[in-house]
Amino acid sequence: PRVLCLFGSPDDTSAFKPTMNAIFAAERHGIAIDTIAVGGRDSPYLQQAAHLTRGKCTTLPSALSAELLTCMINTYLPPPHLRANLEEGATSGVDFRASCFATNTPVELGYVCSICLAVYRDKRTKCIACDSSFEPQSNANGGTAPA
């Protein structure tokens with residue numbers, strides 16, 4: 001089984017949890033997720049989906065029907081077990097950085113909600129994904145440490 005995602009818009013942070021749940025479910029059931037980014041716009045979520053499920057991730061500069069049809073026939077029509085024998089076209093690298101749930105920008109180092117695993121660039125008092133409050137933790141000296 002395979003899934004093909006064709007997209008041309010930026011990632012939507014409100015769809016983060018359902019998207020990641022679908023990716024993990026597909027990975028668990030051996031379903032390859034193939035992605036085509038139209039218009040040169042990449043999606044870190046879907047790059048990771050293709051990588052984790054052993055699918056293909058391609059970026060097309062435009063939505064020209066000839067390019068899209070050629071790409072779909074040559075890259076996505078063959079079953080996953082035959083793809084290793086085919087010559088790779090131009091593919092983009094996978095961005096493994098987490099995205100900030102609030103700003104949808106890649107994060108090198110950030111804060112993670114322990115309840116829903118949403119990632120944030122800056123320290124927050126409340127998670128906007130699951131509405132959990134972040135309590136400051138006390139350290140051995142009786143002061144407070146970052147949560």
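Here, the structure is the one placed above.
Cut-off values and rules
- Residues numbered from 1 in each chain as written.
- Predicted model: local features only at pLDDT ≥ 70, side-chain atom pairs only at ≥ 80, totals over all residues.
- Heavy atoms only, no water.
- Pairing = 2+ DSSP bridges.
- Helix = DSSP H or I, 4+ residues; strand = E, 2+ residues; numbered from the N terminus.
- Axes fitted to C-alpha atoms, helices over the stretch in contact; angles between N-to-C directions.
- Contact = heavy atoms within 4.5 Å.
- Salt bridge = Lys/Arg side-chain N within 4 Å of Asp/Glu carboxyl O.
- Buried < 20%, exposed > 50% of the residue type's maximum accessible area, 1.4 Å probe, protein only.
- Core = buried A, V, L, I, M, F, W, Y, C linked by side-chain atoms within 4.5 Å.

**Q** Explain the sheet that holds strand E2 (residues 32-38) residue by residue, including any values.
**A** With respect to topology, three strands assemble into an open sheet ordered E1-E2-E3, the strand pairing being parallel. One side of each edge strand has no neighbouring strand; the edge strands of this open sheet are strand E1 (2-7) and strand E3 (57-60). Neighbouring strand axes in the sheet, compared pairwise and without regard to direction, differ in orientation by 15° on average. With four bridges connecting them, E2 and E3 associate as parallel partners. Its bridge partner being in E3, Ile36 is matched across the sheet by Thr58. Sitting on the sheet, helix H2 (residues 44-52) touches E1, E2 and E3, and the angle it makes with E2 is about 145°.

**Q** Can you explain the pattern of salt bridges? Please cite residues and give values.
**A** According to the stated counting rule, one finds two salt bridges in the structure shown. Across the pair Glu108 and Arg97 runs a salt bridge, and its minimum N-O distance is 3.4 Å. Within this pair, whereas Glu108 is found in the loop between strand E5 (106-107) and strand E6 (111-112), its partner Arg97 is found in the loop between helix H4 (80-83) and strand E4 (98-99), the two being separated by 11 residues in sequence. Accessibility expressed as a relative area gives 34% for Arg97, which makes it partly exposed. The closest approach of N and O atoms between Asp131 and Lys126, which form a salt bridge, is 3.5 Å. According to the relative accessible area criterion, Asp131 is exposed, its value standing at 53%.

**Q** Go over the nonpolar core with me, naming the residues and quoting the values.
**A** In globular proteins that are soluble, nonpolar side chains generally tend to be buried together. The biggest cluster of nonpolar side chains holds 19 residues, and the ones touching the most others in it are Ala118, Tyr120 and Cys127. Among the elements that take part in this core, helix H1 (residues 16-28) stands out by supplying four residues, more than any other. Leave out the neighbours within four places in its chain, and Cys127 touches Cys113, Cys116, Ala118, Tyr120, Ser132 and Phe134. Listed in part, the six residues of the second largest apolar core include Val38, Leu60, Leu68 and Cys71.

Worth remembering: the numbers are spatial, not functional.
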